[in-house]
Protein chains: 2
Amino acid sequence: MIQQLIQKIQKTKAPLCVGLDPMLGYIPEHILKASFQEFGETLEGAANAIWHFNKEIVDHTWDLIPCVKPQIAMYEQFGIEGLKVYARTIRYCQDKGLLVIGDAKRGDIGSTSAAYATAHLGKVKVGESWHTAFDTEFLTVNPYLGTDGVKPFVDVCKAEDKGIFVLVKTSNPSSGEFQDRLIDGRPLYEHVADKVVEWGADCMDGEYSNVGAVVGATYPEMSAVLRKQMPHTYFLVPGYGAQGATAGDLRPCFDDNGLGAIVNSSRGIIAAYRQEKYAKFGSEHFGEASRQAVIDMAADINSVL
Amino acid sequence: MIQQLIQKIQKTKAPLCVGLDPMLGYIPEHILKASFQEFGETLEGAANAIWHFNKEIVDHTWDLIPCVKPQIAMYEQFGIEGLKVYARTIRYCQDKGLLVIGDAKRGDIGSTSAAYATAHLGKVKVGESWHTAFDTEFLTVNPYLGTDGVKPFVDVCKAEDKGIFVLVKTSNPSSGEFQDRLIDGRPLYEHVADKVVEWGADCMDGEYSNVGAVVGATYPEMSAVLRKQMPHTYFLVPGYGAQGATAGDLRPCFDDNGLGAIVNSSRGIIAAYRQEKYAKFGSEHFGEASRQAVIDMAADINSVL
């Protein structure tokens, strides 16, 4: 699966993914109004607005990008109606030829992780029939429970040619609280990185493994160390743009061929029309603002590769 | 909220929760058959079977227990249909007077954790209206991202009088891989425990905080240390029964008054009819087997308190 992602990155020349993390506050008034008129100020009304918002952004960006990364929490907060739109968004993006990284950060004891892996990457057996639930190409995974909590995801990656990105060093301000603590002279995240390398070793797809890592762009000196430590691990890189990291901060995440990393931007793309820089598009044309923001972000990243 | 749980534990004399983690393999043939006849071997057919299975177990145990703990992964693997039954199970249990611990182990960067907290414990604003999504009394939370990933859950606990259980030391075989590693001479889980105490300090509800901890019963010597380290933190204790821990292993999780911990059992209760000990009930009467297993488990725990 990671080879499919690499090919799409090479074709689009855009090592980035659009984070489809729709907060209601990002959605232009005309969409909210139309949706509330049809469905009321209900969970269904919110979910329908999110759907139209997502669709417009995907319609204006799909030909420029290799993949999207919907954050499931933003859908889960609207309950079943929100999760229906999560599923619908995934299918719509896949129909457009996009790969989808489900950002769910799941992780539990073995038998439970197996159920999550089934839910998001695999197939579930009902009687003699097989079905899929959310069926994304990639999923983000939390490593706190250790190998037996991650292994079921790796097994599904192997069986179904899917991929995962395991949290190693996250982009948030307090990520260091536990992740940076020294164990035998090395930070915890490097120990997690060792395990990610181990988990990924028999899951190779070309030069890179289907077991990737989440490495925040906000700590570039750490990215540089991790890039060396994990030469066959693809990085999913949050933290660019709204969270503060610049293109220069991204450079250490990439290998010498300009591969090895895919950079996420959520707010910076989907709410671009609210930035002064893109205000000229107006909220009615927010999709065009997102398109321009993708073009600008790709150029910005490519300028350092 | 933790006081409500304590009162229910005192009333039922059963410091336990029933883990509603239905695998299709646990569900008796007559339920599966009826459901597949009505809905086919579909996700809806599976979800409907789970619903009838859960309902039977709840109907046979609700008067004996303070709470249930549905594991959302077991529903998520059946997609939207599965999650509808997760929501329906929660409401059904609450209507019976049970408290519900949503076992979701969510955790992400701040704004995303806020969405998860809304999804599972809080209210979401749509226009001028407020709605709830899954609305459980408690939720399990993963701490790997540090304070800014946990704080949004704590905030919702304070605003809505809800509770969380943060993963400290989990019950699975490889939990030690990261959690037991020494940082300044103390295992990582003790550092997490320090933070849990800190997060819970301004969230007190009587003698105990609404911010609790997940502490696996499978490592009793560690439970004893954590009980001392966290005198005002309620423990949610997995690992009893099918995972190998005995009543004796549970003792260190409790305080001198026999409070301070609630022990989960999933397979041991919901699939009791498959154990030789309860085979006499037969698969047709699996709810009665679960009832007897609850009675036996409560007696077993109380024997060491």
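In what follows, the accompanying structure is described. Here the structure is a predicted model, which means the values were calculated and not measured.

The rules behind each value
- Residues numbered from 1 in each chain as written.
- Chains lettered and ligands numbered in written order.
- Predicted model: local features only at pLDDT ≥ 70, side-chain atom pairs only at ≥ 80, totals over all residues.
- Heavy atoms only, no water.
- Phe/Tyr/Trp six-rings, centres within 6.5 Å; stacked < 30°, edge-to-face > 60°.
- Lys NZ or Arg CZ within 6 Å of the ring centre and 35° of its normal.
- Pairing = 2+ DSSP bridges.
- Helix = DSSP H or I, 4+ residues; strand = E, 2+ residues; numbered from the N terminus.
- Contact = heavy atoms within 4.5 Å.
- Axes fitted to C-alpha atoms, helices over the stretch in contact; angles between N-to-C directions.
- Buried area = accessible area lost by both parts, 1.4 Å probe.
- Salt bridge = Lys/Arg side-chain N within 4 Å of Asp/Glu carboxyl O.
- Polar contact = N/O pair within 3.5 Å; in protein donor to acceptor, adjacent residues only side chain to side chain.
- Nonpolar A, V, L, I, M, F, W, Y, C, P; charged D, E, K, R; others polar.
- Least-squares fit on C-alpha atoms with pLDDT ≥ 70 in both.
- Expected span 1.5 Å × (residues − 1).
- Buried < 20%, exposed > 50% of the residue type's maximum accessible area, 1.4 Å probe, protein only.
- Parallel < 35°, antiparallel > 145°, perpendicular 65-115°, else oblique.
- Left-handed = near helix turned anticlockwise from the far one by under 90°.

1. Things to note about the packing of aromatic side chains
Part 1: For the coordinates displayed, the defined rule picks out 14 aromatic pairs over all chains.
Part 2: An aromatic cluster is present here, built from Phe53, Tyr273 and Phe286 of chain A joined pairwise through their rings.
Part 3: For the cation-ring pair, Lys169 of chain B lies above Tyr219 of chain B, with the distance from its terminal atom to the ring centre recorded as 4.1 Å.
Part 4: Sitting above the plane of the Phe235 of chain B ring, Arg227 of chain B keeps its charged end 4.0 Å from the centroid.

2. Here's the deal with the sheet that holds strand 7 (residues 163-169) of chain B
All names here are of chain B.
Part 1: The strand order around the closed barrel formed by 8 strands is 1-2-3-6-7-12-13-14, and the pairing between neighbours is parallel.
Part 2: Pairing analysis gives 2 bridges linking strand 2 (residues 67-68) to strand 3 (residues 99-106), with the strands arranged parallel. Bridge pairing in strand 3 places Val68 opposite Val100.
Part 3: Across the face of the sheet, helix 13 (residues 286-302) comes into contact with strand 1 (16-18) and strand 14 (261-265) while running at roughly 155° to strand 1.

3. Quick word on the interface of chain A and chain B
Part 1: Residue-level contacts link 72 residues of chain A with 72 residues of chain B.
Part 2: If you sort the residues of chain A by the area they bury against chain B, Glu41, Tyr144 and Phe178 of chain A come out on top, with a joint share of 15%.
Part 3: Counting the contacts that link chain A with chain B gives 8 salt bridges.
Part 4: Our enumeration of links across chain A and chain B arrives at 39 residue pairs in polar contact (both at pLDDT 80 or more).
Part 5: The leading source of residues in the side of chain A that touches chain B is helix 6 (residues 110-120) of chain A, at 7 residues.
Part 6: Among the residues making up the side of chain A that touches chain B, the classes are represented as 33 nonpolar, 25 polar and 14 charged.

4. Details of unusual backbone geometry
Part 1: With a phi close to 50°, Asp161 of chain A is a non-glycine residue in the positive phi region.
Part 2: Summarising the element assignment, Asp161 of chain A is placed in the loop between helix 7 (147-160) and strand 7 (163-169).
Part 3: Positioned with a positive phi, Lys105 of chain B is a non-glycine residue whose angle comes to about 45°.

5. Focus: the relation of the copies chain A and chain B
Part 1: Under the fitted operation, chain A is carried onto chain B by 0.0 Å of movement along the axis and a turn of 180°, and the coordinates agree to an RMSD of 0.0 Å. The two molecules are tied by a two-fold rotation axis, judged by turn and shift. When each C-alpha of chain A is compared by its distance to the rotation axis, Ile183 of chain A comes out closest, at 2.7 Å.
Part 2: Interface overlap between copies is the fraction of interface residues in one copy that are interface residues in the other; for chain A against chain B it reaches 100%, indicating a shared surface.

6. Things to note about helix 5 (residues 79-95) of chain B
Part 1: Look at helix 5 of chain B: 24 Å from first C-alpha to last across 17 residues, which is about the 24 Å you get at 1.5 Å a residue.
Part 2: Regarding helix 5 of chain B, the residues found buried are Gly79, Ile80, Gly82, Leu83, Val85, Tyr86, Ala87, Thr89, Ile90, Tyr92 and Cys93 of chain B.
Part 3: Lining the buried residues of helix 5 of chain B we find helix 5 (79-95) of chain A together with helix 3 (43-61), strand 2, helix 4 (73-76) and strand 3 of chain B.
Part 4: Following helix 5 of chain B by one or two positions, Gly97 of chain B has its phi on the positive side, about 90°.

7. Quick look at the packing of helix 3 of chain B against helix 13 of chain B
All names here are of chain B.
Part 1: Viewed as axis vectors pointing N to C, helix 3 and helix 13 meet at an angle of 45°, and their least axial separation amounts to 8 Å. The orientation of helix 3 with respect to helix 13, classified from their angle, is oblique. Crossing angle aside, the handedness with which helix 3 passes helix 13 is right-handed. Between helix 3, through Phe53, Glu56, Ile57, His60 and Thr61, and helix 13, the contact on the second element is made entirely by Phe286, Gly287, Glu288, Ser290, Arg291 and Val294.
Part 2: Looking at the contact of helix 3 with helix 13 residue by residue, the classes come out as 4 nonpolar, 4 polar and 3 charged.

8. Overview of the sheet that holds strand 14 (residues 261-265) of chain A
Residue and element names in this part refer to chain A.
Part 1: Pairing is parallel around the closed barrel formed by 8 strands, whose spatial order is 1-2-3-6-7-12-13-14.
Part 2: Two elements, strand 12 (residues 211-215) and strand 13 (residues 235-237), share 2 bridges in a ladder whose sense is parallel. Paired with Ala213 across the two strands is Phe235, which belongs to strand 13.

9. Looking at the side chain of Asn210 of chain B
All names here are of chain B.
Part 1: Of note, Asn210 is situated in the loop between strand 11 (208-209) and strand 12 (211-215).
Part 2: Accessibility expressed as a relative area gives 5% for Asn210, which makes it buried.
Part 3: In terms of polar contacts, Asn210 uses its side chain to reach the backbone amide nitrogen of Met1, at 3.2 Å.
Part 4: Among the polar contacts made by the side chain of Asn210, one reaches the main-chain amide nitrogen of Ile2 at a distance of 2.8 Å.

10. Describing the pairing of strand 6 (residues 138-141) of chain A
Residues and elements named next belong to chain A.
Part 1: Alternating positions in strand 6 separate into two faces, Phe138 and Thr140 on one and Leu139 and Val141 on the other, with burial throughout.
Part 2: The sheet contact formed by strand 3 (residues 99-106) and strand 6 spans 3 bridges and is parallel. Bridging across to strand 6, Ile101 finds its partner in Phe138.
Part 3: The pairing of strand 6 with strand 7 spans 4 bridges and is parallel. When the bridges of strand 7 are listed, Phe138 appears paired with Gly163.

11. A look at the pattern of salt bridges
Part 1: Under the defined criterion, the tally for this structure stands at 42 salt bridges over all chains.
Part 2: Its salt-bridge partner being Lys69 of chain A, residue Asp103 of chain A comes within 2.6 Å of it at the nearest N-O pair. Taken together, the positions of Asp103 of chain A in strand 3 and Lys69 of chain A in the loop between strand 2 (67-68) and helix 4 (73-76) put the pair 34 residues apart, joining distant regions of the chain. Take Asp103 of chain A and Lys69 of chain A: they sit in the same class, and that class is buried.
Part 3: As a salt-bridge pair, Lys169 of chain B and Asp180 of chain B come within 2.7 Å of each other at their nearest N and O atoms.

Purely geometric stuff here, so don't read any function into it on its own.
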